[in-house]
Structure formats: C-alpha cells, structure tokens
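# Examination of the molecular architecture
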Amino acid sequence: VIRVAAVGDVHMDADVVGRFRPALDEIGERADVLLLAGDLTRHGTADEATCVAAEFGGLAVPVLAVLGNHDHHAGDAAKVTRVLEQAGIVVLEGRGTVVRCDGVRLGVGGVKGFGGGFAGRCATAFGEAEMKAFVHYTEVSAASLDAALSGLDCDVRVALTHYAPVPGTLDGEPLELYPFLGSYLLGQAIDDNHVSLAVHGHAHAGTERAATPGGVPVRNVAHPVIRQPYRVYDIATNRQPRAGADARAAS
Amino acid sequence: MHDEYRAAQLRRLFAEDSEVAELGIDITFRGTAVVLSGDVASRDRCLAAERLVRQELPDCELVNEIKVIAAGPAVDEEVL
C-alpha cells in the first residue's frame with residue numbers, strides 16, 4: 001500500500017503560518033508522500049511562498065505540488081516556484097516525477113490545469129480571439145498532463161491538478177461556475193494513462209469524492225472541503241489500472 | 001443600484017481587493033442588511049472582508065456569518 005496525503009487551497013500568508021504544522025510534523029507516521037493541489041498562497045508573492053516553504057518544507061515525506069490560480073495572481077509564478085523548490089518542495093507544471101515508497105515507484109504527473117467546462121457543456125475554440133486563447137490554454141495544459149503521465153516509468157500513477165478534471169467533485173458549487181472550475185480534457189488525460197488516483201483542489205464548495213468516466217477515483221482535497229490538514233488515500237500497489245486506461249493501452 | 005448589481009460588485013471586489021483576495025465569500029441582501037457567508041482561513045481575513053463592505057456600503061446594516069475554518073488534526077484515511 002502507498003499512502004498518499006493531499007491537501008490544496010491552503011492560501012498561506014503570515015497570518016496563518018503554523019496552523020498545519022502540528023499535523024505535518026507527524027505526517028511520516030501516516031503517509032509516504034504529500035501532494036499540494038495548488039492555491040498555496042493568497043496572491044502568489046514571494047513572501048507568501050516563503051510562508052508555504054516554512055509550513056510545508058522539511059517534512060519527513062517528499063512534498064510534490066502544483067500551483068493554482070492564486071499563485072499566479074501577482075505574475076510571479078516563477079519566483080514562487082523557486083522559493084518552494086529551495087525548500088525541497090517539487091513543483092510540477094506539465095511534468096512528472098517518481099518517488100520510491102518502500103520499494104514501490106510512485107509516479108506523479110502534475111499540472112495546474114484550467115477551466116473550459118465539461119463534456120457537452122464546454123467552451124470551444126470558436127469566435128473571438130480571446131475565446132480561442134482561453135480554450136487553447138486548457139488544451140495545452142491537458143496535453144502537458146497527458147505527456148507528464150505517459151512519460152512516467154513507475155508502478156503506481158497519480159495525477160495532481162489544481163483545476164477539476166470531472167464535474168462530480170464540483171457538486172455544491174453553482175452550475176454557472178463549472179466552466180471556470182475545470183475541464184474534461186484533464187479527465188481525458190487521466191483516463192488515458194493508467195492512473196490510480198487523481199487529486200485536485202480549487203472548488204471550495206465542492207465535494208470530496210467522484211470518479212472519471214473511466215472509473216479513476218477523483219478527490220477534491222481543497223482544505224475547505226476536507227476540513228483537516230490533509231487527507232490520506234491508501235492505494236494498493238497490486239491494484240490494476242481502471243478500464244478506461246486499459247482500453248486506450250489496448251487500442 | 002439594484003441589490004443584484006451591488007452583490008455582484010462586492011463579490012468581484014472580494015476577489016480583486018488585495019487585502020481580501022477571497023473568491024468564496026457569498027453576499028446576500030436580507031431586507032436592509034447585507035449578509036456575508038462562507039469560509040476563510042483566519043480571523044484577519046474575515047475582518048478584512050467586513051472592512052471592505054463597511055467601506056463600500058457604509059449605510060447598510062452588516063451581518064457577518066463568515067466562518068474561520070480550523071486546521072484541526074488529520075482524522076482519517078480512505079482505502080481506495
């Protein structure tokens with residue numbers, strides 16, 4: 001069993017430093033890895049990233065992260081990434097990494113992702129240039145997730161995003177917001193790549209559990225949803241990937 | 001201005017004002033009162049939202065029902 005801990009939307013700043021740390025100091029007893037599902041800061045400043053580094057750096061387990069929309073607000077995402085990586089937090093944006101957990105290779109492919117909506121009710125690259133740019137950004141993001149996941153040489157594969165890959169974990173959010181909360185293209189990339197678990201944040205009023213059309217478990221770990229410092233998901237290492245992934249591999 | 005427009009304007013301000021930067025605060029009008037609800041990570045952030053509303057709608061009665069989420073201990077795990 002691989003024990004994957006995850007939380008997102010922690011929105012760190014000086015006023016909340018230390019709130020997660022007591023639980024994080026014990027994480028080595030409960031989990032093998034910690035995933036941070038974006039919106040780690042409030043505005044995406046280097047100072048706030050320093051708060052993230054203080055809170056989530058130096059833990060007993062590897063920490064892998066994606067950024068969220070808040071982490072881009074100040075236009076300094078590269079600086080935020082640098083501060084996090086200096087603290088040993090691996091930031092994934094369209095790439096993957098492999099962590100050894102008790103002899104098992106856990107591969108995590110990550111990307112922030114973007115909106116666009118879900119199958120049958122999504123934005124299309126038609127009309128104004130701004131609309132095409134919006135959809136194009138999502139397409140590029142999902143393609144980079146697909147590449148990150150498919151390039152992993154590992155035993156168990158997990159997808160990490162900030163935006164939602166399925167509408168199921170948005171249950172509780174106003175329907176009108178769905179196009180801004182995620183994209184089915186992320187879900188398609190997950191279903192195409194033998195993924196055992198997909199983790200995201202962003203939807204504070206959503207719900208924790210859902211699945212992709214291919215049956216991959218999807219978990220919304222936004223802190224306002226899970227209401228604990230992190231959730232732990234146990235993945236059996238002998239478990240076969242879901243049917244959706246198998247179908248593509250066979251085709 | 002209609003309440004609907006005032007609520008829309010405030011919601012945008014909650015996101016765009018650098019002191020608040022919260023996208024998850026709901027605003028409704030009940031009679032003459034403006035009611036805030038939702039979750040934030042600290043008392044400071046709750047008060048920042050309240051300050052913004054007092055600044056924008058100085059004549060409105062304000063009911064602040066925003067909750068501060070506790071970090072709490074890690075409680076349980078799920079076997080997939």
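Up top you'll find the structure we're talking about.
So, a few notes on the structure that sits alongside this text. (Residues numbered from 1 in each chain as written. Chains lettered and ligands numbered in written order. Predicted model: local features only at pLDDT ≥ 70, side-chain atom pairs only at ≥ 80, totals over all residues. Heavy atoms only, no water.)

### Looking at the overall build of chain B
A count of helical and extended segments in chain B gives two helices and four strands. For chain B, the N- to C-terminal ordering of α and β elements is α-β-β-α-β-β. A compact globule built from 80 residues would reach a C-alpha radius of gyration of about 12 Å, whereas chain B, at 15 Å, exceeds it by more than 25%. With the principal axes as the frame, chain B shows a C-alpha extent of 50 × 25 × 20 Å. A total of 80 residues make up chain B; the buried ones form 40% of that total. By sequence separation, contacts in chain B at least 24 residues apart represent 52% of the contacts at least 6 residues apart. Summed over all atoms, the accessible surface of chain B reaches about 4,700 Å², with 48% contributed by carbon and sulfur. Of the charged side chains in chain B, 9 are positive and 17 negative, and the gap between their average positions amounts to 4 Å. (Helix = DSSP H or I, 4+ residues; strand = E, 2+ residues; numbered from the N terminus. Rg over C-alpha atoms; globule rule 2.2 N^0.38 Å. Buried < 20%, exposed > 50% of the residue type's maximum accessible area, 1.4 Å probe, protein only. Contact = heavy atoms within 4.5 Å. Areas by Shrake-Rupley, 256 points an atom, 1.4 Å probe, with all protein chains shown as cover. Lys, Arg positive; Asp, Glu negative; His and termini not counted. Charge placed at Lys NZ, Arg CZ, Asp CG, Glu CD.)

### With respect to the interface of chain A and chain B
Counting from both sides, the interface comprises 31 residues of chain A and, opposite them, 22 residues of chain B. In terms of surface lost to chain B, no three residues of chain A exceed Arg19, Arg42 and Asp234 of chain A, which account for 24% of the buried area on that side. At the boundary of chain A with chain B, the tally comes to five salt bridges. Between Arg227 of chain A and Asp39 of chain B there is a salt bridge, with its nearest N and O atoms 2.5 Å apart. For the pair chain A and chain B, the interface holds 16 residue pairs in polar contact (both at pLDDT 80 or more). Mapped by element, the contributors of at least two residues to the side of chain A that touches chain B are β10 (217–220), α8 (223–226) and β11 (231–235) of chain A. At five residues, β11 of chain A tops the list of elements feeding residues into the side of chain A that touches chain B. (Buried area = accessible area lost by both parts, 1.4 Å probe. Salt bridge = Lys/Arg side-chain N within 4 Å of Asp/Glu carboxyl O. Polar contact = N/O pair within 3.5 Å; in protein donor to acceptor, adjacent residues only side chain to side chain.)

### Examining the pairing of strand β7 (residues 156–161) of chain A
The side chains of a regular strand alternate, residue by residue, between the two faces of the sheet. All names here are of chain A. With six of six residues buried, β7 is to be regarded as a mostly interior element. Burial along β7 is two-sided: Val156, Val158 and Leu160 facing one way and Arg157, Ala159 and Thr161 facing the other are all buried. In this structure, strand β6 (residues 104–111) lies alongside β7, joined through six bridges in parallel fashion. Bridge pairing links Leu106 to Val156 in β7. Traced from β6 through helix α5 (residues 129–150) to β7, the parallel crossover comes out right-handed. Bridge count for β7 against strand β8 (residues 197–200) is three bridges, and the pairing is parallel. Across the sheet, Ala159 pairs through a bridge with Ala198, a residue of β8. (Pairing = 2+ DSSP bridges. Right-handed = clockwise from strand over helix to strand, strands pointing away.)

### Things to note about the sheet that holds β11 of chain A
Ordered in space as β4(A)-β3(A)-β2(A)-β1(A)-β11(A)-β4(B), the six strands form an open sheet in which the pairing is mixed. Looking at which strands have only one partner, the edges of the open sheet turn out to be β4 (90–91) of chain A together with β4 (77–79) of chain B.

### Here's the deal with the pairing of β11 of chain A
Within β11 of chain A, five of the five residues are buried, which leaves it mostly tucked inside the rest of the structure. Residues of β11 of chain A alternate between two faces, with Arg231, Tyr233 and Ile235 of chain A on one and Val232 and Asp234 of chain A on the opposite face, all of them buried. Bridge analysis of β11 of chain A against β4 of chain B gives three bridges, and the strand direction is parallel. When the sheet's bridge partners are listed, Val232 of chain A is paired in β4 of chain B with Glu77 of chain B.

### Considerations on the sheet that holds β8 of chain A
Residue and element names in this part refer to chain A. Within the open sheet, the six strands sit side by side as β5-β6-β7-β8-β10-β9. Their pairing is mixed. Here the strands that pair on one side only, and so sit at the sheet edges, are β5 (95–101) and β9 (209–211). Each neighbouring strand pair of the sheet contributes to a mean axis angle of 25°, computed without reference to strand direction. As paired elements, β9 and β10 share three bridges and run antiparallel to each other. When the sheet's bridge partners are listed, Ala211 is paired in β10 with Pro217. α5 contacts β5, β6 and β7 of the sheet and is inclined by roughly 170° relative to β6. (Axes fitted to C-alpha atoms, helices over the stretch in contact; angles between N-to-C directions.)

### What to know about the packing of aromatic side chains
Residue and element names in this part refer to chain A. This model, assessed by the stated rule, comprises five aromatic pairs over all chains. Look at Phe20 and Phe56: their rings are 5.9 Å apart centre to centre, the planes differ by 40°, and that puts the pair in the tilted class. Of the two residues, Phe20 is situated in the loop between β1 (2–7) and α1 (21–24) and Phe56 in helix α3 (residues 46–56); the sequence distance between them amounts to 36 residues. Under the relative-accessibility criterion, Phe20 is labelled buried at 0%. An aromatic cluster is present here, built from Phe114, Phe134, Tyr137 and Tyr163 joined pairwise through their rings. (Phe/Tyr/Trp six-rings, centres within 6.5 Å; stacked < 30°, edge-to-face > 60°.)

### Looking at the environment of Ala189 of chain A
All names here are of chain A. By secondary structure assignment, the location of Ala189 is in helix α7 (residues 184–191). Separated by 74 residues in the primary sequence, Ala189 and Gly115 place their C-alpha atoms 15 Å from one another. Excluding residues that lie within four positions of it along the chain, Ala189 makes contacts with Ala142, Leu145, Asp146 and Leu149.

Without other data, these values stay purely geometric and don't point to any function.
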